[in-house]
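The residues making up each chain are set out below.
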Amino acid sequence: MDKVDCVVVGAGPAGSACAIALARKGIKTVLVERGGNAGDKNVASFVLFGDVLGGIIPGYQKEAPLERAAGDNSFMCLREKDFIEFRARLGSYFENPSIFTAYRSRFDRWFSEKAEEAGAELVRGQLVTGLLKENGRVVGIRVGEDELLADVVVGADGIHSVVSREAGLYVDDTSRYMIGVKEVLELPPEVIEERFLLGPGEGCVRDGWGYPVSDVGGLFTIYTNMDAVSVCLFAPVDAVKEARVNLRERFEDLKAHPYLHALVRDSKLREYEAHILADGGRMKVDRLYDDGVLLCGEAGGFNSGMWIGVPSGMLSGLKAAEAVLRAKRTGRYDAAALSCYRDILFETGLPRMLYNAKRYSDFIVNSARKHMEGFTDNLFGLLEDSIMQEVAFQDPEPFPAIETAYAGLVADYVPAWLARPLRALVGVLGRLESWWTKRRIRRTV
Amino acid sequence: MADRKPDIDEKLSHVAFDIDAEAHITVKKERCGECRPRPCLSACPAENYTWNEAKDELLFNYEGCLECGTCRFVCPLDAIEWSYPRGGFGVRYRYG
């Protein structure tokens, strides 16, 4: 039977990064991909952060199949007929960009070819169906009837990882799973630039919450490719199960919203896509390795949340490669030797980053789920009052900014024990504000 | 919320598939009769699960599967067995 040093399962960003790092060090590596080409099975839901990639392929900006640099980003909140948007444009960013939109089918294919160039053997169109074991130790992979022996197997086979299940490392926690439905909508580049207020070749990402998924804590994102706009809508898998949320119908609602309609009207559907991701990750450091096997990428739960899985995936792939190299020096690939993976990960700060991302995601998604409707209403109420100047024209009293901000944005989130003293403090501050404003009016008008 | 029914067949006509003769989804249909919520019907983004009222049974087609795997997590009776299709088969995203 054939034997190699390392088999990497899955030629996504994590698997290819791992294979590149290993092959460059002269490790005999086979990279196995179930798609006819790498990227065939993958769906982007956000942008690509180039920092990690730049460390692997310097000057990638010139050769990678990227769409637009994303330096014009906004966050928004929708109600059925309304929207509020906060937009930030980083003008200087466009001069030296490192965040891009890209199509995964093209990007992953290009990146897997880099692994081939580095000397790894890329096997396409083969699904790894099981692991070969000897005394409980992983010694290779099974592809249907075929078998391939390896010193170590790296599982980079995605959210539905076969390797993690077969190795007994699967973390059964679907609480962070989000289902995303996406459409790639074709529009001429000039029309995209006009509608999204962009310069030639510039790109943007627009994230939002609220309608039509406010009841389940769903989120959406819109980003620009060169001649198409990608629209993704997400909802927690639990909500889809328990509340029987129909994401297909919600997607139509989203596209019909005035905000979206103005951006994507008269576009042509290029592709309809769906994928699950673990928002904020579900990485557990002691469930990433065992005798003869390592996990990286989404298979190991490396998804840094808010849909940004590619850089943390790549980084985990590089670190898995480092662990394999360190284990090779000892000549052993058992769990004890591979446990250096854990230390290497901690050195990079990746676990802390994932932990923070998880907390960030908890804050955004869970508080969105719990408070989204109330918060949205309060925010709209506050802005309606000021935008429509109802307060200025109808109320002879000075506008109570402190009281309004407290009632609208803070009061709902204050723990019960703190509500009374804080309420009293706000009352005092409010009276002070009123007195101060009246005094200023008397002195200036 | 307005009543907007997506035309799923139209949507799927924009997706490339290399269809395998072998199904990668199996359903223990005898369990579906007692399932009341039937979340698979609304959950599948490709609307691959439908209920046949006349026959009173679940119909599914694996050919239009987008391979998100949502069905394996939403089935309350563990009746859906979903796995990756054989290598080289199934959905082939041209953009992704």
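Each remark here, short or long, concerns the structure printed above.
Scoring rules and cut-offs
Residues numbered from 1 in each chain as written. Chains lettered and ligands numbered in written order. Predicted model: local features only at pLDDT ≥ 70, side-chain atom pairs only at ≥ 80, totals over all residues. Heavy atoms only, no water. Helix = DSSP H or I, 4+ residues; strand = E, 2+ residues; numbered from the N terminus. Buried < 20%, exposed > 50% of the residue type's maximum accessible area, 1.4 Å probe, protein only. Contact = heavy atoms within 4.5 Å. Areas by Shrake-Rupley, 256 points an atom, 1.4 Å probe, with all protein chains shown as cover. Lys, Arg positive; Asp, Glu negative; His and termini not counted. Charge placed at Lys NZ, Arg CZ, Asp CG, Glu CD. Rg over C-alpha atoms; globule rule 2.2 N^0.38 Å. Buried area = accessible area lost by both parts, 1.4 Å probe. Salt bridge = Lys/Arg side-chain N within 4 Å of Asp/Glu carboxyl O. Polar contact = N/O pair within 3.5 Å; in protein donor to acceptor, adjacent residues only side chain to side chain. Nonpolar A, V, L, I, M, F, W, Y, C, P; charged D, E, K, R; others polar. Expected span 1.5 Å × (residues − 1). Phe/Tyr/Trp six-rings, centres within 6.5 Å; stacked < 30°, edge-to-face > 60°. Lys NZ or Arg CZ within 6 Å of the ring centre and 35° of its normal.

A. Structural context of the overall build of chain A. Helices and strands together make up the secondary structure of chain A, namely 16 helices and 17 strands. Oriented by its inertia axes, the alpha-carbon framework of chain A measures out at about 90 × 55 × 45 Å. Expressed as a percentage of the 445 residues in chain A, the buried residues total 57%. Taking all contacts inside chain A whose residues are at least 6 apart in sequence as the whole, residues at least 24 apart take part in 73%. For chain A, the computed accessible surface area is about 18900 Å², with 52% contributed by carbon and sulfur atoms. Charged side chains of chain A number 55 positive and 63 negative; the gap between the two group centres comes to 5 Å.

B. Representation of the overall build of chain B in the model. For chain B, the count of helices and strands is three helices and six strands. In chain B, the order of α-helices and β-strands from amino to carboxyl end is α-β-β-α-β-β-α-β-β. Relative to a compact globule of 96 residues, whose C-alpha radius of gyration would be 12 Å, chain B shows 14 Å and is just as compact. Seen through its C-alpha atoms, chain B measures out along the principal axes to roughly 40 × 35 × 25 Å. A buried classification covers 51% of the 96 residues belonging to chain B. Taken together, the 13 basic and 17 acidic charged side chains of chain B have centroids lying 2 Å from each other.

C. Representation of the interface of chain B and chain A within the structure. Tallying the contact residues gives 44 residues for chain B and 54 residues for chain A. Between chain B and chain A, roughly 4100 Å² of surface is buried when both sides are summed, and carbon and sulfur atoms account for 54% of that area. Of all residues in chain B, Phe73(B), Tyr84(B) and Tyr95(B) give up the largest surface area on contact with chain A, accounting jointly for 21% of the area buried on that side. Linking chain B with chain A are six salt bridges, by the criterion used here. One salt bridge in this structure joins Glu47(B) and Arg248(A), with 3.1 Å as the shortest N-O distance. Viewed at the interface, chain A and chain B are joined by 30 residue pairs in polar contact (both at pLDDT 80 or more). Of the residues that constitute the side of chain B that touches chain A, the class distribution is 25 nonpolar, eight polar and 11 charged.

D. Spotlight on helix H1 (residues 13-24) of chain A. Residues and elements named next belong to chain A. In this model, H1 (12 residues) spans 16 Å end to end at C-alpha, consistent with the 16 Å of a helix rising 1.5 Å per residue. In terms of residue burial, H1 counts as a mostly covered element, since 10 of its 12 residues are buried. If you check which residues of H1 are buried, you get Pro13, Ala14, Gly15, Ser16, Ala17, Cys18, Ala19, Ile20, Leu22 and Ala23. Following H1 by one or two positions, glycine 26 adopts a phi angle in the positive range, close to 80°.

E. View of the pattern of salt bridges. Residue and element names in this part refer to chain A. Evaluation of the coordinates by the stated rule reveals 33 salt bridges over all chains. Note that aspartate 227 and arginine 270 form a salt bridge whose closest N and O atoms lie 3.0 Å from each other. Taken together, the positions of aspartate 227 in the loop between strand E13 (219-224) and strand E14 (228-236) and arginine 270 in strand E15 (residues 268-278) put the pair 43 residues apart, joining distant regions of the chain. Judged by its relative accessible area of 27%, aspartate 227 is partly exposed. Of the charged contacts, one joins aspartate 334 and arginine 332 as a salt bridge, the two residues approaching to 3.2 Å between their closest N and O atoms. Take aspartate 334: its relative accessible area is 23%, and that puts it in the partly exposed class.

F. Looking closely at the packing of aromatic side chains. Scanning the entire structure with this criterion turns up 12 aromatic pairs over all chains. A ring pair is formed by Tyr93(A) and Phe94(A), whose centres lie 5.9 Å apart and whose planes are at 75°; its orientation type is edge-to-face. A relative accessible area of 16% means that Phe94(A) is categorised as buried. The rings of Phe107(A), Trp110(A) and Phe111(A) are connected pair by pair, giving a single aromatic cluster. The positively charged end of Arg34(A) is found above the aromatic ring belonging to Tyr84(B), 3.6 Å away from the centroid.

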